[in-house]
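So you can see what is in the structure, the chains are spelled out below.
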Amino acid sequence: VTTTPLLQLTEAGLYCPAGDFHVDPWCPVERAVITHAHSDHARRGSRRYLAARPGQRLLRTRLGDDAAIDAVDYGEAVDVGGVRVSLHPAGHILGSTQVRLEHRGDVWVVSGDYKLDRDPTCAPFEPVRCHTFVTESTFGLPIYRWPAQEEVVADINAWWRQNRAEGKATLLFGYALGKAQRLLAALDPGIGPIFTHGAVEKLSRDYRDSGVALPLTTYVGDVPRGTDWAGALIVAPPSAHGTAWTRWFGAASTGFASGWMRIRGTRRRRAVDRGFVLSDHADWPGLLDAIRATEAERVWVTHGYVGVLVRWLREQGLDAQGVQTLFEGERDESGDLPEEFAAETEKEAGA
Amino acid sequence: MKAFADLYAALDETNKTNEKVRALVRYFAGAPPADSAWAVYFLSGRKPRQVVPTRKLCAWATAAAGVTDWLFDESYHAVGDLAETIALLLPRSASSSDRPLHWWVERQLLPLRGADEAAQR
């Protein structure tokens with residue numbers, strides 16, 4: 001057991017002094033290990049990046065053509081400044097990874113964002129044993145328990161079918177990176193034609209280029225004016241909701257797929273017709289299962305209901321502490337990310 | 001009761017008045033008079049005088065959900081509605097019932113007022 005912790009929190013984020021690198025830094029650094037391509041985890045400007053190979057295409061889109069990205073396979077160990085680093089699937093989005101660090105027998109795992117539910121668009125979460133586990137806590141309250149996703153998908157399909165029968169378009173909101181592709185892969189393309197917002201289309205192209213099978217989609221900007229949208233499904237990011245863009249589609253029913261839809265008030269405030277509880281994060285039982293599976297003695301809690309999860313874990317006899325990060329990611333109720341990042345994402349995606 | 005629950009969901013799921021009216025017409029066309037009367041009563045915002053003290057409801061829900069008092073409070077703070085908090089915390093029911101709305105109100109809910117604690121629980 002070493003005296004200095006393997007990771008520490010600096011103004012740039014989580015830093016490993018032994019190996020001289022950061023994990024998901026908030027500002028440009030020499031060497032960054034990236035857990036996934038969401039813009040609050042993958043920031044531009046660092047000299048060199050290390051990431052999991054399946055997410056390489058997405059990261060290229062996020063970080064730009066000039067970024068130096070070293071891609072490694074899941075489970076492949078590399079030496080970074082004397083620290084043994086390996087990446088393990090986190091099940092959050094395509095290429096999302098947990099970061100395992102090993103130095104002089106001390107093992108730490110940084111979860112990044114993760115979910116335990118199956119997802120056809122990415123590798124499933126893999127528990128990794130460690131001494132210290134750094135976990136997210138986005139949905140760290142016992143009210144967040146996800147329904148079986150087959151039921152949620154069936155509900156969305158039934159809603160789309162009903163809208164089609166009533167001559168309406170179906171406007172489904174979900175975060176442009178990850179959720180949108182998971183929806184596309186899960187829904188029944190036999191119900192009607194599928195169209196996408198520009199941000200969704202661009203990122204879906206990256207998924208296809210990475211070998212993920214998605215149904216045929218058409219970018220709404222490529223469709224002639226006067227098109228009849230009745231019966232169609234349009235997948236768009238949450239920030240498009242309530243904008244003039246949505247008026248193209250005439251009579252439409254609106255829905256939002258997010259873990260936040262578990263609470264009625266949240267859905268009402270978003271003013272969507274339907275809320276579908278589908279999240280790319282672990283629910284409360286999932287967080288506790290994942291933490292238990294690591295067999296860690298010490299847990300650092302970030303991103304979300306930090307205080308609640310820390311207190312609960314301490315009451316269960318674990319050495320838990322909160323680590324406040326700059327980006328409190330999806331704590332914001334309005335979408336899967338704070339609006340400023342959602343907006344940035346769409347700007348990057350050219351929509 | 002299931003028909004009333006479906007009506008409530010239909011009213012809750014749309015912001016359009018015409019669709020709300022359609023859902024109401026559909027419900028009242030099929031509901032027995034005793035159910036319709038209670039449906040009007042609840043939908044017009046009325047509710048029976050408290051049948052079980054809130055404090056007890058919270059305590060029993062906390063125990064049934066396997067959480068602590070402070071975790072219940074944190075959950076309530078996030079949800080903002082007590083009935084919804086309890087519904088979200090309780091384990092999913094393994095069974096279901098086809099009893100009508102008026103049966104639930106008249107035979108189950110109202111008799112709880114003044115009943116002994118074991119029966120209320």
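Residues numbered from 1 in each chain as written. Chains lettered and ligands numbered in written order. Predicted model: local features only at pLDDT ≥ 70, side-chain atom pairs only at ≥ 80, totals over all residues. Heavy atoms only, no water.

**Here's the deal with helix α1 (residues 56-63) of chain A**
Within α1(A) the residues assigned to the buried category are A:L58, A:L59, A:T61, A:R62 and A:L63. Of the residues trailing α1(A), A:G64 is marked for its positive phi of about 100°. (Buried < 20%, exposed > 50% of the residue type's maximum accessible area, 1.4 Å probe, protein only. Helix = DSSP H or I, 4+ residues; strand = E, 2+ residues; numbered from the N terminus.)

**Considering the confidence of the model for chain B**
Overall, the predicted model of chain B reaches an average pLDDT of 92, with 100% of residues at or above 70. Confidence metrics for the complex model read pTM 0.90 and ipTM 0.89. (pLDDT = per-residue confidence, 0-100.)

**Examining the environment of A:G82**
Mapped onto the elements of the fold, A:G82 is located in the loop between β7 (78-80) and β8 (83-89). Here the alpha-carbon distance between A:G82 and A:D20, two residues 62 residues apart in the chain, equals 9.2 Å.

**Quick notes on the sheet that holds strand β9 (residues 97-103) of chain A**
Residue and element names in this part refer to chain A. Read from one edge of the open sheet, seven strands run β7-β8-β9-β10-β11-β18-β19, paired in mixed fashion. Each edge of the sheet is formed by a strand with only one pairing partner; in this case those strands are β7 and β19 (319-322). Across the sheet, the axes of successive neighbouring strands diverge by a mean angle of 25°, strand direction being ignored. As paired strands, strand β18 (residues 298-304) and β19 are joined by four bridges and run parallel to one another. Within β19, the residue paired with W300 across the bridge is Q321. Sheet strands touched by helix α6 (residues 284-294): β11 (132-137) and β18. Its angle to β11, the strand with the most contacts, is close to 170°. Where helix α7 (residues 306-315) meets the sheet, its contacts fall on β11, β18 and β19, and the angle it forms with β18 comes to roughly 160°. (Pairing = 2+ DSSP bridges. Axes fitted to C-alpha atoms, helices over the stretch in contact; angles between N-to-C directions. Contact = heavy atoms within 4.5 Å.)

**Here we look at the pattern of salt bridges**
All names here are of chain A. Scanning the entire structure with this criterion turns up 27 salt bridges over all chains. Notably, a salt bridge pairs D70 with R48, separated by 2.9 Å at the nearest N-O pair. Taken together, the residues span a long stretch of sequence, with D70 in strand β6 (residues 69-72) and R48 in strand β5 (residues 48-52) at a distance of 22 residues. For D70, a relative accessible area of 24% puts it in the partly exposed group. A residue is classified by how much of its surface remains accessible, and R48, at 39% relative accessible area, is partly exposed. Its salt-bridge partner being R129, residue E295 comes within 3.4 Å of it at the nearest N-O pair. (Salt bridge = Lys/Arg side-chain N within 4 Å of Asp/Glu carboxyl O.)

**Digging into the layout of surface pockets**
In this structure, the second largest pocket encloses a volume near 520 Å³. Lining the second largest pocket are 21 residues, with A:Q162, B:A10, B:E13, B:E19 and B:R26 sitting closest to its centre. For the lining of the second largest pocket, the elements supplying multiple residues, two or more each, are α2 (149-165) of chain A together with α1 (2-12) and α2 (17-30) of chain B. Across the lining of the second largest pocket, the residue classes break down as seven nonpolar, four polar and ten charged. (1 Å grid on protein atoms, 1.4 Å probe; cavity = no way out; pocket = protein on both sides within 12 Å on 5 of 7 lines; lining within 4 Å. Points joined across faces, edges and corners; volume = space filled by probe spheres on them. Nonpolar A, V, L, I, M, F, W, Y, C, P; charged D, E, K, R; others polar.)

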